[in-house]
Amino acid sequence: MECLSHKSEIVNTFSNVRSFSYQEKKAPLMDEERVNSLLDAILDFKSSLKEKTDKIYNVSERIEKITWFNELDEESLMLLNDLISSAKDLRTSLIRQFISMNSFRRKGIAKEEIKDFKNSIDELKEAYEDLESVFFFLPEMPDFVETTSKLSLV
């Protein structure tokens, strides 16, 4: 009797494998529509990341221009302090986004766009740190003040 149950299990398994095999032979290896949809999503991701990167570079350039301003009053310095704080907060958010892209980077998806995005974040940091140095740290250093005074006479 046990032999019949084994035979039945073998027949059922064979039938299952046979049916599955037949279905896979008929099915295309990759569904073109799904692949195209995936590729479109990757292109959209790359495009939106490039837009965001360009925006970051633009913000950095605007901050860099401010470092050349002279003789700011207290109110302007307070505004600069707020600008620096906002830029730091922005960078923190952008770093979180960059970290969330680790799986894409490991898989080689949008490598150049992600690399440029990271570079723009680094440039933003450099821009607000320069701004902070020029208006808040360097003016407190006597040697810097003296040198600046001498340069302004030239």
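Now for a look at the structure at hand. Note that the structure is a prediction, hence the values are computed from the model and not measured.

## Examining the side chain of Thr67
Thought 1: Here Thr67 lies in the loop between helix H2 (32-66) and helix H3 (74-100).
Thought 2: Here Glu64 takes part through its backbone oxygen, which lies 2.5 Å from a polar atom of the side chain of Thr67.
Thought 3: Excluding anything up to four places from it in sequence, Thr67 contacts Asp130, Leu131, Val134 and Phe135.

## Considering the side chain of Ser60
Thought 1: One can find Ser60 in helix H2.
Thought 2: Exposure remark for Ser60: the relative accessible area of 0% places this residue in the buried category.
Thought 3: Excluding residues that lie within four positions of it along the chain, Ser60 makes contacts with Ser120, Glu123, Leu124 and Ala127.

Procedures and definitions
Residues numbered from 1 in each chain as written. Predicted model: local features only at pLDDT ≥ 70, side-chain atom pairs only at ≥ 80, totals over all residues. Heavy atoms only, no water. Helix = DSSP H or I, 4+ residues; strand = E, 2+ residues; numbered from the N terminus. Polar contact = N/O pair within 3.5 Å; in protein donor to acceptor, adjacent residues only side chain to side chain. Contact = heavy atoms within 4.5 Å. Buried < 20%, exposed > 50% of the residue type's maximum accessible area, 1.4 Å probe, protein only.

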